[in-house]
Amino acid sequence: MSGILAMILAGGEGSRLYPLTSTRTKPAVPFGGNYRLVDFALNNFVNADLMKIYVLTQFKSQSLNIHLRKAWRLSGISNRFIEAVPAQQRVNKNWYSGTADAIYQNARFIEKSDPEHVCIFGSDHIYKMDVQQMVEYHKQKAGSLTVAAIRVQKSQAYHFGIIEVDEEGRMIGFAEKPAVEDAKTIPGDPDHVLASMGNYIFKSDVLLKELYEDAKDESSSHDFGKDIIGKLYPKGDVFIYKLSDNYIEGEPETAYWRDVGTIDSYWDAHMDLLGDDAPFSLYNKNWPLHTYHPPLPPATFRDHGDSVSDVSKSLIGAGSYINGAKIENSILGFRSHLCKGVVIKDSVFLGNAKVGAGARLNKVILDKGVEIAPGTVIGENLEQDRKQFTVSDNGVVVIAKGTKVGF
Amino acid sequence: MAKVLSMILAGGEGSRLYPLTQSRTKPSVPFGGSYRLIDCVLNNFVNSSLLRIYVLTQFKSQSLNEHLSKAWGLNSITDTFIDAIPAQMRTGKHWYSGTADAIYQNLQFIESDEADLVCIFGSDHIYKMDIRQKLAFHQKKKAVLTVSAIRLPKEQAYHFGIIEVDDAGRMIGFAEKPTVEEAKTIPGEPDFVLASMGNYVFDSKALQAELIRDAADEKSSHDFGKDIIPHLYPDGKVFVYDFTTNTIAGESGEAYWRDVGTIESYWEGNMDLIKSDPPSSLYNRKWPLHTHYPALPPASFRDSDQFICTIRKSLISDGCHISGATIKKSVLGFNCVVGTNSNIYESVLLGDTKIGSNCILTKVIVDKDVQIADNVQIGVNLEEDRKCFTVSDEGIVVIPKGARIGF
């Protein structure tokens, strides 16, 4: 019994991200021009030199599988691996009924690998964490479980699972999305609460015992947050690890962690990448963000007559072709092709898009493979846009994968 | 289908590219933002599905070896490989004395292989060729050796090795850099000549016999162009493959083949990529150009104070960070930082470079890892520049790797 095994939960359907999840599972949704959501969790492990990783997939996983094979395959010399494990109905003919059930159905991988500790992490948040530091903390506390948490304003408590701790960091209470008045604040820090990040490090034997017991419990929903943790923490050996205690050289002091589960939060998190005082950066040479990079040349900028290319506060991916267009406050993924006179503002292109001459896009998310006819205007008349496209509460227009608009 | 083994000559010192070749061999010199010169020939083989390749290295090869292992390591269960072979003094304590000697010293790799045909290609030209078409030509002609040649206007003959052919494409004469009057034109085309591209397809057995014969010849300079070909063609089994007959889906216009062996031609090769009607493009989905991509985010563009980014006719690679600067007719490699109100014109930045604010760079090649302080002007006053830097006859300033300027 030795070492650390990681199990990444990557089966999320992501229905609130529809239509971005109409053809792919949530962890495979592109993010930040070059990446997929799952890359952030994987980089947190790989950059921490923890490389025994199973990625548990389930829902529409083909796109994720292709990405994992292209971007994350390790050479077979050592005992390091990053392997996708599809839902295989090993235990019975059911899909995973909850996060704990997903691990339970794959418990044999834990038994076979026989690690000392098991990391169980989600894959649909944007953040950087040196997981090794959380492992050290977990070992030092010698508890059976360590839960990662982020310190958030008390007024935000109703969005999260809020953890009550004692002064030693021991978990002594838990409330799912409590009212702000009811939320238990951090000892000595009355304006802040600790929100669970859904990331767990278990002692291996405790995890297996809990999973087998939970599987037999017919009243359980087989969820880590609702069932397993609620049962474990009263024993007094569940500890909380604060993301703000995690240190990565070159990162800002304020820890960044975003759920990107809705169209609006997905768009917001992209806007967080832009500007001089961006709260989250994709660039830190001490924490490189690996991903799959298709064979593409640098972004190409050309003039077209008197139509020149101006770019402000934007990210532009490789293989993009900007032919006399204006781009403001936007993120353009791989192979975004803008014709002359195009104006793009506050928008996110997932890649492989073509926008015809003179088109204007304002606060639009363009999924892959979209083609926009010349002169098309999107995002200026939401009433009109709602007839054709998904429009979020905050007015972000989403163009689904492969759509041809205006032809 | 004949079995093919490929040998890439990648030992070139590239002294006329100094200082770009000060710390690396010529095939390892970066090109076009994302690439190294050697990527061109390797993509020709890989995109032709010819994946049994030895790369013969010699001079300052560490940078090349690292690139080959990062970008071109095949992880394969079949009989495919791209392996670097360093000069190993297998036949005596001397370095390679000529191109034929380089192959002769590695003859055992050919002898121990089952290949019917051996491709011997250089690695320091920019072009795209579907090598399968050349192999088909070779087999159709039942040639012992097929030499690639490019059709050029007669006036340029004095730069090249000019091949005389009969109507059947058989080689019947060869002259190294002849005068324009003496150059033999193509039958039926009195204004054009055929220039050797230094790329050969040999019958394997004939190659082996010829190399052994040449090695024993004390008068030989052990060079394919000077010694092997003149000895072989009088037998009538050396044919010339006209490069202009090679077709690649998605490529149009004149066949492009450029030597980038001097600072001037290297700069022009880069400028060719950003012309309005570029004679050479890095972008063709049917002929992807593979290379190594470091873990970097998309290029980012920020405003600063009153300055926004104006980008015209340029290539900008991943990891670049442009703050309110103007970039015209330039190629920026990975991870170039350009500060506020700086102006970059007609320049080539190889990557990992930081340029401060209010700088002007005109017609400058900046090697990797260079730092330039604020308010520095380069390429504006060539008299001054000559005191510190290499300046080519045509006025291109070259900043060597790792330089710190203006601090």
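Structure's up top.
Residues numbered from 1 in each chain as written. Chains lettered and ligands numbered in written order. Predicted model: local features only at pLDDT ≥ 70, side-chain atom pairs only at ≥ 80, totals over all residues. Heavy atoms only, no water.

A.B. asks: Could you give an account of the overall build of chain A, naming the residues involved and the relevant values?
C.D. replies: Secondary structure assignment for chain A yields nine helices and 30 strands. What you see for chain A is a C-alpha radius of gyration of 22 Å, in line with the 22 Å of a compact globule of 407 residues. For chain A, the proportion of its 407 residues judged to be buried stands at 57%. Taking the contacts inside chain A whose residues are at least 6 apart along the sequence as the reference set, 59% of them involve residues at least 24 apart. For chain A, the exposed area adds up to about 16700 Å²; of that, 46% sits on carbon and sulfur atoms. (Helix = DSSP H or I, 4+ residues; strand = E, 2+ residues; numbered from the N terminus. Rg over C-alpha atoms; globule rule 2.2 N^0.38 Å. Buried < 20%, exposed > 50% of the residue type's maximum accessible area, 1.4 Å probe, protein only. Contact = heavy atoms within 4.5 Å. Areas by Shrake-Rupley, 256 points an atom, 1.4 Å probe, with all protein chains shown as cover.)

A.B. asks: I'd like a description of the overall build of chain B, backed by residues and values.
C.D. replies: Looking only at helices and strands, chain B features nine helices and 30 strands. Relative to the 2.2 N^0.38 estimate, which gives 22 Å for 407 residues, the radius of gyration of chain B is 22 Å and therefore close to what a compact globule would have. Along the three orthogonal principal directions, the C-alpha set of chain B runs to about 70 × 50 × 40 Å. Burial analysis of chain B (407 residues in total) assigns 57% to the buried set. Pairs at least 24 apart in sequence give 59% of the contacts found in chain B among residues at least 6 apart. Accessible area of chain B: about 16900 Å², with a carbon and sulfur share of 48%.

A.B. asks: Run through the pairing of strand β1 (residues 4-10) of chain B, naming residues and quoting values.
C.D. replies: All names here are of chain B. In terms of residue burial, β1 counts as a mostly covered element, since seven of its seven residues are buried. Where β1 and strand β6 (residues 117-121) come together, five bridges link them in parallel fashion. Looking across to β6, one finds that methionine 7 is bridged to isoleucine 120. Two elements, β1 and strand β4 (residues 52-57), share five bridges in a ladder whose sense is parallel. Residue pairing for β4: leucine 9 is matched across the bridge by leucine 56. (Pairing = 2+ DSSP bridges.)

A.B. asks: Explain the sheet that holds strand β15 (residues 309-312) of chain A to me, using residue names and the numbers behind them.
C.D. replies: If you trace the 10 strands from one edge of the open sheet to the other, you get β27(A)-β24(A)-β21(A)-β18(A)-β15(A)-β15(B)-β18(B)-β21(B)-β24(B)-β27(B), paired in mixed fashion. The open sheet has two edge strands, β27 (377-378) of chain A together with β27 (377-378) of chain B, and neither has a second partner. As paired strands, β15(A) and strand β18 (residues 326-328) of chain A are joined by three bridges and run parallel to one another. Looking across to β18(A), one finds that Ser312(A) is bridged to Glu328(A).

A.B. asks: Talk me through the nonpolar core; I want residue IDs and the actual numbers.
C.D. replies: In terms of nonpolar packing, the biggest core is built from 56 residues, with Leu338(A), Leu361(A), Leu366(A), Phe301(B), Ile378(B) and Ile399(B) touching the most fellow members. Residues contacting Ile378(B), with those up to four places away along its chain left out, are Ile360(B), Leu361(B), Thr362(B), Val364(B), Ile372(B), Asp385(B), Phe389(B), Val397(B), Ile399(B) and Ile405(B). Counting residues in each nonpolar core, the second largest holds 42 residues, with Ile4(A), Ala6(A), Ala28(A) and Val55(A) among its members. (Core = buried A, V, L, I, M, F, W, Y, C linked by side-chain atoms within 4.5 Å.)

A.B. asks: Could you give an account of the sheet that holds strand β26 (residues 371-372) of chain B, naming the residues involved and the relevant values?
C.D. replies: One open sheet holds the 12 strands; their spatial order is β28(A)-β29(A)-β25(A)-β22(A)-β19(A)-β16(A)-β14(B)-β17(B)-β20(B)-β23(B)-β26(B)-β30(B), and the pairing between them is mixed. Of all strands in the sheet, those bounded by a partner on one side alone are β28 (390-391) of chain A together with β30 (404-405) of chain B. Sheet topology note: the β26(B)/β30(B) ladder contains two bridges and is parallel. Note that in β30(B) the partner of Ile372(B) across the bridge is Ile405(B).

A.B. asks: How would you explain the pattern of salt bridges if you had to name every residue and give the values?
C.D. replies: One pass over the structure, following the stated rule, counts 34 salt bridges over all chains. Between Asp259(B) and Lys26(B) there is a salt bridge, with the nearest N and O atoms lying 3.8 Å from each other. On the criterion of sequence distance, the pair formed by Asp259(B) in strand β13 (residues 257-259) and Lys26(B) in the loop between β1 and β2 (30-31) is long-range, its members being 233 residues apart. For Asp259(B), a relative accessible area of 28% translates into the label partly exposed. The salt bridge partner of Arg52(B) is Asp79(B), with a shortest N-O separation of 3.2 Å. Taken together, the residues Arg52(B) in strand β4 and Asp79(B) in the loop between α2 (62-71) and β5 (81-86) connect sequence positions 27 residues apart. A relative accessible area of 43% places Asp79(B) in the partly exposed class. Overlapping salt bridges, with partners in common, bring together Lys209(A), Glu210(A), Glu213(A), Lys231(A) and Lys235(A) in one network. (Salt bridge = Lys/Arg side-chain N within 4 Å of Asp/Glu carboxyl O.)

A.B. asks: A description of the environment of Ser204(A) should follow, citing residues and the corresponding values.
C.D. replies: All names here are of chain A. Inspection of the secondary structure assignment puts serine 204 in helix α6 (residues 204-216). Residue classification places serine 204 among the buried positions, given a relative accessible area of 3%. Taking C-alpha positions, serine 204 is 8.4 Å from serine 144, a pair spaced 60 residues apart along the chain. Residues contacting serine 204, with those up to four places away along its chain left out, are Ile110, Pro115, Glu116, His117 and Val118. There is a polar contact of 3.2 Å between the side chain of serine 204 and the backbone oxygen of proline 115. (Polar contact = N/O pair within 3.5 Å; in protein donor to acceptor, adjacent residues only side chain to side chain.)

A.B. asks: For helix α8 (residues 263-271) of chain A, give the residues involved together with the corresponding values.
C.D. replies: Side chains of residues three or four places apart in an α-helix project in the same direction, reflecting 3.6 residues per turn. Residue and element names in this part refer to chain A. In terms of burial, α8 is a largely internal element, eight of the nine residues being buried. Among the residues making up α8, those that are buried are Ile263, Asp264, Ser265, Tyr266, Trp267, Ala269, His270 and Met271. In the core, the buried residues of α8 are packed alongside β2 (30-31), β13 (257-259), β19 (331-332), β22 (348-349), β25 (364-366) and β29 (397-399).

A.B. asks: Describe the interface of chain A and chain B, and please don't skip the residues or the numbers.
C.D. replies: Contacts between the two partners involve 39 residues from chain A, matched on the other side by 37 residues from chain B. Together, the buried faces of chain A and chain B total about 3100 Å²; carbon and sulfur atoms form 53% of this surface. Counting the contacts that link chain A with chain B gives zero salt bridges. At the surface where chain A touches chain B, the tally comes to 20 residue pairs in polar contact (both at pLDDT 80 or more). Sorting the residues of the side of chain A that touches chain B by element identifies β14 (299-302), β15 and β16 (314-316) of chain A as the ones contributing at least two each. Split into classes, the residues belonging to the side of chain A that touches chain B amount to 19 nonpolar, 13 polar and seven charged. In this structure, β15(A) lies alongside strand β15 (residues 309-312) of chain B, joined through three bridges in antiparallel fashion. Across the sheet, the residue bridging to Asp310(A) is Thr310(B), located in β15(B). (Buried area = accessible area lost by both parts, 1.4 Å probe. Nonpolar A, V, L, I, M, F, W, Y, C, P; charged D, E, K, R; others polar.)

A.B. asks: Outline the side chain of Asp124(A), listing residues and values.
C.D. replies: All names here are of chain A. Secondary-structure assignment places aspartate 124 in the loop between β6 (117-121) and β7 (125-127). One polar contact links aspartate 124 to lysine 26, side chain to side chain, over a distance of 3.2 Å. If we skip the residues at most four places from it in the chain, aspartate 124 touches Lys26, Arg258, Asp259 and Val260.

A.B. asks: Could you give an account of unusual backbone geometry, with specific residues and numbers?
C.D. replies: In this structure, the amide linkage connecting Tyr18(A) to the following residue, Pro19(A), adopts the cis form with an omega of 5 degrees. Inspection of the secondary structure assignment puts Pro19(A) in the loop between β1 (4-10) and β2. With an omega of 5 degrees, the peptide bond between Tyr18(B) and Pro19(B) qualifies as cis. Relative to the helices and strands, Pro19(B) is located in the loop between β1 and β2.

A.B. asks: An account of the side chain of Arg335(A) is requested, with residue identities and associated values reported.
C.D. replies: Position of Arg335(A) relative to the elements: it lies in the loop between β19 and β20 (336-338). Despite being buried, Arg335(A) has no salt bridge partner; Asp367(A) is the closest side chain of opposite charge, sitting 12 Å away. Polar contacts involving the side chain of Arg335(A) include one to the side chain of Tyr283(B), which spans 3.2 Å. Setting aside its immediate chain neighbours within four residues, Arg335(A) contacts Leu296(A), Ala318(A), Gly319(A), Ser320(A), Gly351(A), Asn352(A), Ala353(A), Tyr283(B) and Arg285(B). (Lys, Arg positive; Asp, Glu negative; His and termini not counted.)

A.B. asks: So, helix α5 (residues 131-140) of chain B: which residues are in play, and what are the values?
C.D. replies: Residues and elements named next belong to chain B. Turning to α5, its buried residues number three or more, namely Ile131, Lys134, Leu135, Phe137 and His138. Angular distribution of buried residues about the axis of α5 spans 160 degrees; they occupy a single face of the element. Looking at the packing, one finds that the buried side of α5 touches β1, α1 (37-46), β6, β8 (145-153), β11 (192-203) and β12 (238-242). The backbone nitrogen of arginine 132 lies 3.1 Å from a side-chain oxygen of the residue at the head of α5, namely aspartate 130. (Arc of directions from axis to C-beta.)

A.B. asks: Give me the lowdown on the pairing of strand β10 (residues 171-176) of chain B, citing residues and values where you can.
C.D. replies: All names here are of chain B. Summarising the sheet, strand β9 (residues 161-165) and β10 pair through five bridges and their orientation is antiparallel. Considered in β10, the bridge of glutamate 164 is made with glycine 173. Remark: five residues form the turn of the hairpin made by β9 and β10, two consecutive strands paired antiparallel; glycine 169 in that turn has positive phi of roughly 85 degrees.

Read these as geometric descriptors, not functional statements.
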